[in-house]
Amino acid sequence: MTRLCKGVEVEMYTGTSQGEIVGLSDRITKDLNGFVREPDSRNVEYTTAPLSCYDRLLCGLVRPRQRLREYLQKIGNYTIIPGSTLSLGDSSQFYRSDPINPYHSYIEDTYGTDVVTASVHINIGINDPELLMQACRLVRVEAPLYLALSASSPFLDGQATGYHSTRWQMFPQTPQQVPFFESHRHFIQWTEEQLHLKTMQNVRHLWTSVRPNGHNRPYNLNRLELRICDLIVDPIALLSVIALLEARILQLMDDPTLDPLGGSQLSPDTLLDLTHHNETEAAKHSLEAQLYHWRDGQKIEATTWIEQMYQIVSPVAKKNGFSCFLSPIKKILRNGNLAQQWLGKYQLSHDIPSIITAEIQTAAQQEKILEDKLCDALLVA
């Protein structure tokens, strides 16, 4: 049985139970261990430890949030707000969390509030750098599917934007042209060139759907980081997306034809154009998006593609003991992602504040049930 290490970086907004987002990250990071600030003070980030066990990863996702909720209640009856954009506003102003940080100054001056979003970054441990590059190539052409499953940002500044993932539609992908990395050496050379050209300010300034990651980028790498997903506030749904990603990478390890550079009928340039198109379509329509398959360029709906992938990777997940964590994917496909659920309610009432307020309560209840059931059982075990 093979299981890869998995860790998640979770960005979340804080604010009032009515959905008003309030910048508190300077206080949170000062008073609570395990939380770090983003350039804008309205969201805060925590990271789970790299774990191979899904039960423990679930606990690692829920426990810090419970600590944060208790703290927010204590300092002023604040809470955690779902969604990946400033749903009720205000995107006109940047609220600096660290006014003297020069990199934060660069981000504010260059991108403004386009980067003030909340998301989940999923990290999967892969120590072999060439296998890591292969995995990055596969996950990059399939990243729009993970965006489609996770979309949760149809609103911005109290308005419906026309996108299911407003976050990914507006997030500045940097640099503008990022190739498929053919090898670790190619990634090193390309990164050094970007730093020389100043298209990247530092090694962290590679903002694409997926990237190789490690403690000494680009030289020492140990994980794939999927960065395209909106915030999946339901921990069970998040684990199912992680399980889909892990099963797909495990499948790649046994089947090199899943590498797009060898397994596609299309040229690398055509693949890049196709992938960019698919990301744009997934940001707009999520599970209803009409995409083009990387194998042959044939049109396929996102839901159909995900259903096909689910059937293919289910035996892999079962063989490696985590199929029960994969199965909630079917619920997302059946009921829609959070953006689709919100837009369904919006069509009935056009009352965005009440939609956000109800989701705040639902998320808090979900986490409480999970912590009571799971984490206590793990402590006993």
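The present account deals with the structure reproduced in this document. Every value quoted in this text rests on a predicted model; they were computed, and no experiment measured them. (Residues numbered from 1 in each chain as written. Predicted model: local features only at pLDDT ≥ 70, side-chain atom pairs only at ≥ 80, totals over all residues. Heavy atoms only, no water.)

A closer look at the overall build of the chain
The helix and strand tally for the chain stands at 14 helices and 11 strands. Taking 381 residues into account, the globule formula puts the C-alpha radius of gyration at 21 Å, and the chain, at 20 Å, falls close to it. When its C-alpha atoms are laid out on the principal axes, the chain stretches across 55 × 45 × 45 Å. Out of the 381 residues belonging to the chain, those deemed buried represent 56%. Taking as baseline every contact in the chain between residues at least 6 positions apart, the subset at least 24 positions apart corresponds to 74%. Here the chain has roughly 15900 Å² of accessible surface; of this, 49% comes from carbon and sulfur atoms. (Helix = DSSP H or I, 4+ residues; strand = E, 2+ residues; numbered from the N terminus. Rg over C-alpha atoms; globule rule 2.2 N^0.38 Å. Buried < 20%, exposed > 50% of the residue type's maximum accessible area, 1.4 Å probe, protein only. Contact = heavy atoms within 4.5 Å. Areas by Shrake-Rupley, 256 points an atom, 1.4 Å probe, with all protein chains shown as cover.)

Here we look at the side chain of aspartate 230
Residue position: aspartate 230 is located in the loop between strand E9 (223-226) and helix H7 (235-254). With a relative accessible area of 0%, aspartate 230 lands in the buried category. In terms of polar contacts, aspartate 230 uses its side chain to reach the backbone amide nitrogen of serine 152, at 2.8 Å. For aspartate 230, the side chain forms a polar contact with the side chain of serine 153, separated by 2.8 Å. Among residues more than four places away in sequence, those in contact with aspartate 230 are Ser84, Ala118, Ser119, Val120, Leu147, Ser150, Ala151, Ser152, Ser153, His164, Ser165 and Arg167. (Polar contact = N/O pair within 3.5 Å; in protein donor to acceptor, adjacent residues only side chain to side chain.)

Brief notes about the nonpolar core
With 117 residues, the main nonpolar core has Leu224 and Leu226 as its most contacted residues. In contact with leucine 226, other than residues within four places in its own chain, are Val120, His121, Ile122, Val139, Ala143, Tyr146, Ser209, Val210 and Leu245. (Core = buried A, V, L, I, M, F, W, Y, C linked by side-chain atoms within 4.5 Å.)

Let's talk about the packing of aromatic side chains
In this structure the tally under the stated criterion is 11 aromatic pairs. Ring centres of tyrosine 54 and phenylalanine 325 lie 5.1 Å apart, and the angle between their planes is 20°; on these two criteria the pair is classed as stacked. Here the residue tyrosine 54 occupies a position in helix H2 (residues 54-76), and phenylalanine 325 occupies one in helix H11 (residues 323-326), the gap between them amounting to 271 residues. Just as tyrosine 54 is buried, phenylalanine 325 falls in that class too. Ring geometry for phenylalanine 155 against tyrosine 346: centres 5.6 Å apart, planes inclined by 50°, an arrangement best described as tilted. Of this pair, phenylalanine 155 sits in strand E6 (residues 155-156) while tyrosine 346 sits in helix H13 (residues 338-349), placing them 191 residues apart in sequence. (Phe/Tyr/Trp six-rings, centres within 6.5 Å; stacked < 30°, edge-to-face > 60°.)

Quick word on helix H6 (residues 184-197)
Relative to the 20 Å expected for 14 residues at 1.5 Å per residue, H6 spans 20 Å between its end C-alpha atoms, a close match to the ideal helical length. For H6, the set of buried residues is His184, Phe187, Ile188, Trp190, Thr191 and Gln194. Elements that come into contact with the buried residues of H6 comprise helix H4 (129-150) and strand E8 (210-213). Lysine 198 sits one or two residues past H6 and shows a positive phi near 70°. (Expected span 1.5 Å × (residues − 1).)

Focus: the pairing of E9
Taken together, the 4 bridges between strand E5 (residues 120-125) and E9 define a ladder with antiparallel strand orientation. Looking across to E9, one finds that asparagine 123 is bridged to glutamate 225. (Pairing = 2+ DSSP bridges.)

Notes on H7
Between its first and last C-alpha atoms H7 spans 29 Å; for 20 residues at 1.5 Å apiece the expected length is 28 Å, and the two agree. Within H7, 17 of the 20 residues are buried, which leaves the element mostly enclosed by the surrounding structure. Measuring from the backbone nitrogen of isoleucine 236 back to the side-chain oxygen at the start of H7 gives 3.0 Å, which picks out aspartate 234 as the cap.

Examining the environment of glutamine 169
Locating glutamine 169 in the fold gives a position in helix H5 (residues 166-170). Overall, the relative accessible area of 39% leaves glutamine 169 in the partly exposed class. Here the alpha-carbon distance between glutamine 169 and histidine 205, two residues 36 residues apart in the chain, equals 18 Å. Setting aside residues up to four positions removed in sequence, glutamine 169 forms contacts with Tyr163 and Ala283.

Regarding the packing of H7 against helix H10 (residues 302-319)
Contact geometry of H7 with H10 gives a least axis separation of 9 Å together with a crossing angle of 75°. Classified by the angle between their axes, H7 and H10 sit roughly perpendicular to one another. Contacts between H7 and H10 involve Leu244, Ala247, Arg248, Leu250 and Gln251 from the former and Met309, Ile312, Val313 and Val316 from the latter. Across the contact of H7 with H10, the residue classes tally to 7 nonpolar, 1 polar and 1 charged. (Axes fitted to C-alpha atoms, helices over the stretch in contact; angles between N-to-C directions. Parallel < 35°, antiparallel > 145°, perpendicular 65-115°, else oblique. Nonpolar A, V, L, I, M, F, W, Y, C, P; charged D, E, K, R; others polar.)

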